[in-house]
Amino acid sequence: MTATAFEIGLNSFGDVATDDGRTLHDAETVRLIIEEAKLAEASGVDVFSVGEHYRPGHVDTATPVLLSAIATVTERIRLGTSVTVLSTNDPVRLYHDFSTLDAVSNGRAQLVLGRASATESFPLFGYDLADYEQLFDEKLELFMRLQREETVTWSGTVRAPLVEQRLQPRMRRGSIPTWIGVGGSPNSVIRAAHHGLPVMLAIIGGRPQRFAGHVDLYHRALQQFGHAPQPIGQHSLGLIADTDEEARETWWQYWEPVVTQLAEERGFYKPTRERYEAEIGKGALFVGSPETVARKIATTARDLQLNRFDLKYDIFHLPRQARARTIELLGREVAPRVRELLTKEPTHV
């Protein structure tokens, strides 16, 4: 693809923000996200996406509703999900949600489907983790048929059968852009290729270049399944500020307690300043001034043959002012600089 077509997006997981040291209420954070999406559009960001989580401190539990609210106050920016937990969603309900969002937004809807790295939705909605793989496989097959076929007859083990069912409002012809989130599993790459769907690489730690083998596998699998080349995106965390020092010190203050908690829950490494600096230098944290972040995105885009890069800009209790500055700098300075760098040395796509 051309450098001018390279897409830059923002991801929110609905992390509760602070304002002058005061933690915002949930409803205030919901309204803040809507304002941040407006700012993202005004700043020139291409895509604004919201996740789906059911943990304390997150307010992204009704993503299609939030995206529809954003659609009514924006005109251009594309609207999607940074993850939709397909395994614990009903494909019919999901189709209706996103066909309606697509209508409200005048064709700007898209989504990333994932199996869930956080599993709170399974007990919440009455699903068994033992069915993790089967739930996703069957529901993905049904969801794509609902998008691609006018009427669907289907039966499986995860929901009631459908007989010549036509859903409405209809999605646009050819369906909405639907990505598969990949957290490191080669099977997820092959699954995406089987359905001819683009992949979003969720890279939240370690060198992004370690996913180069997944990219190669994806291209080969697409070819073997007889599908045309599809876009590849990357989702990573970070913060942009006017200087490298400001960005590093601000992100460390809020990132360290979050990773400490995750380390206790999931057995991750406990964060140290040394590891943190390594993640910024060669790892998956995109933290720094606009020039620093732009150069890192461009390098990763070349190495992984990316078509899109999404930055998760919110983290627990990060001040709303820091969130806003990241959004502004990403759209106004980082995005054009990335495209300039890629023009000089484009990706291999």
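Before going into details, it helps to say that this report is about the structure given with it. (Residues numbered from 1 in each chain as written. Predicted model: local features only at pLDDT ≥ 70, side-chain atom pairs only at ≥ 80, totals over all residues. Heavy atoms only, no water.)

## A look at the overall build of the protein
Cut-off, in case you're wondering: The helix and strand labels rest on DSSP assignments: H or I over at least four residues marks a helix, E over at least two residues marks a strand, and numbering proceeds from the N terminus. C-alpha atoms define the radius of gyration, and 2.2 Å times the number of residues to the power 0.38 defines the globule rule. Summary of the burial criterion: residues with accessible area below 20% of their type's maximum are buried, those above 50% are exposed, and those between are partly exposed, where the area comes from a 1.4 Å probe applied to protein chains only. Residue contacts follow a heavy-atom distance rule, with two residues in contact if any of their heavy atoms lie within 4.5 Å.
Of the regular secondary structure elements, the protein holds 11 helices and 14 strands. Its C-alpha atoms give the protein a radius of gyration of 19 Å, near enough to 20 Å, the size a compact globule of 349 residues would have. Taken along the three principal axes of its C-alpha coordinates, the protein extends 60 × 45 × 40 Å. The buried share among the 349 residues of the protein stands at 55%. Long-range contacts, defined here as pairs at least 24 residues apart, represent 74% of the contacts in the protein between residues at least 6 apart.

## A closer look at the pattern of salt bridges
Oppositely charged side chains may form a pair once their charged atoms are brought near each other. Our working definition: Put simply, a salt bridge is a Lys or Arg side-chain nitrogen that is within 4 Å of an Asp or Glu carboxyl oxygen.
According to the stated counting rule, one finds 31 salt bridges in the structure shown. Two residues, D46 and R339, come together in a salt bridge whose shortest N-O distance is 2.6 Å. Placement of the pair is D46 in the loop between α1 (26-43) and β4 (47-50) and R339 in helix α11 (residues 320-344), with a sequence separation of 293 residues. On the basis of relative accessible area, D46 is assigned to the buried category, the value being 13%. For R339, a relative accessible area of 17% gives the class buried. The closest approach of N and O atoms between R308 and D310, which form a salt bridge, is 2.8 Å. Judged by relative accessible area, which is 1%, R308 ranks as buried. By relative accessible area, which is 2% here, D310 ends up buried. Salt bridges sharing common partners tie together R115, E133, D137 and R191.

## A word on helix α2 (residues 63-71)
For α2, the buried fraction is high: seven of the nine residues fall into the buried class. Those residues of α2 that sit buried are T63, P64, L66, L67, S68, I70 and A71. The inward-facing, buried residues of α2 contact α1, β4, β5 (78-81) and α3 (91-104).

## Comments concerning the packing of α1 against α2
Going by this rule: Angles run from 0 to 180 degrees between N-to-C directions of axes, and those axes are lines fitted to C-alpha atoms, restricted for helices to the stretch in contact. With respect to orientation, any angle under 35 degrees is reported as roughly parallel, any angle over 145 as roughly antiparallel, any angle of 65 to 115 as roughly perpendicular, and every other angle as oblique. In this scheme the crossing of two helices becomes right-handed for a clockwise turn of the near helix relative to the far one and left-handed for an anticlockwise turn of less than a right angle. Only Asp, Glu, Lys and Arg are considered charged, only Ala, Val, Leu, Ile, Met, Phe, Trp, Tyr, Cys and Pro nonpolar, and every remaining residue, Gly among them, polar.
Where α1 meets α2, the axes come as close as 9 Å, and the angle between the chain directions of the two elements is 45°. One finds that α1 runs oblique with respect to α2. Both α1 and α2 take part in a crossing whose hand is right-handed. The segment α1 lies against α2, with V30, I33, I34 and A37 engaging L66, A69 and I70. Tallied by class, the residues present in the contact of α1 with α2 amount to seven nonpolar, no polar and no charged.

## Description of the nonpolar core
Generally speaking, soluble globular proteins have nonpolar side chains that are buried together. The line we're drawing: Buried residues of nine kinds, namely Ala, Val, Leu, Ile, Met, Phe, Trp, Tyr and Cys, make up a nonpolar core once their side-chain atoms join them within 4.5 Å.
If you look at the biggest cluster of nonpolar residues, it comprises 82 residues, and the most contacted ones within it are F6, F48, I70, L113 and L201. At eight residues, α11 tops the list of elements feeding residues into this core. Once residues within four sequence positions are removed from consideration, I70 is found in contact with I33, I34, A37, F48 and L79. Judged by nonpolar contacts, the second largest core, of 17 residues, contains W251, Y254, V259 and I280.

## Let's talk about the pairing of β4
The following threshold applies: In this description, strands pair whenever DSSP reports at least two bridges between them. Viewed with both strands pointing away, a crossover whose connecting path from the first strand over the helix to the second turns clockwise is right-handed.
Residue alternation in β4 divides its side chains into two sets, V47 and S49 and F48 and V50, and both sets are buried. Sheet topology note: the strand β1 (residues 7-12)/β4 ladder contains four bridges and is parallel. Counted as the bridge partner of G9 is V47 from β4. Of the pairings in the sheet, the one linking β4 to β5 comprises four bridges and is parallel in character. By the bridge assignment for β5, V47 is matched with R78. Between the parallel pair β4 and β5, the chain is carried across by α2, and the sense of this crossover is right-handed.

## Topic: α3
Under the convention used in this document: For a helix, the expected span equals 1.5 Å multiplied by the residue count minus one. Polar contact is the term for a pair of N or O atoms within 3.5 Å; when the atoms are in protein, one must be able to donate a hydrogen and the other to accept it, and sequence-neighboring residues count only if both atoms are side-chain atoms.
In this model α3 runs 20 Å from its N-terminal to its C-terminal C-alpha over 14 residues, within 8% of the 20 Å that 1.5 Å per residue would give. Of the positions making up α3, those classed as buried are P91, V92, L94, Y95, H96, F98, S99, L101 and D102. Tucked into the core, α3 has its buried residues touching α2, β5, β6 (84-85), β7 (111-114), α5 (132-148) and β9 (162-165). The N-capping residue of α3, defined by a side-chain oxygen 3.2 Å from the backbone nitrogen of V92, is D90. N106 occupies a position one or two residues after α3 and carries a positive phi of about 60°.

## Let's talk about unusual backbone geometry
Note the cis peptide between Q168 and P169, where omega equals 0°. Among the secondary structure elements, P169 is positioned in the loop between β9 and β10 (178-182). Not every positive phi belongs to a glycine, and N106 is a case in point at roughly 60°. Tracing the chain through its elements places N106 in the loop between α3 and β7. Backbone geometry at E164 places phi at a positive 45°, although glycine is not the residue there.

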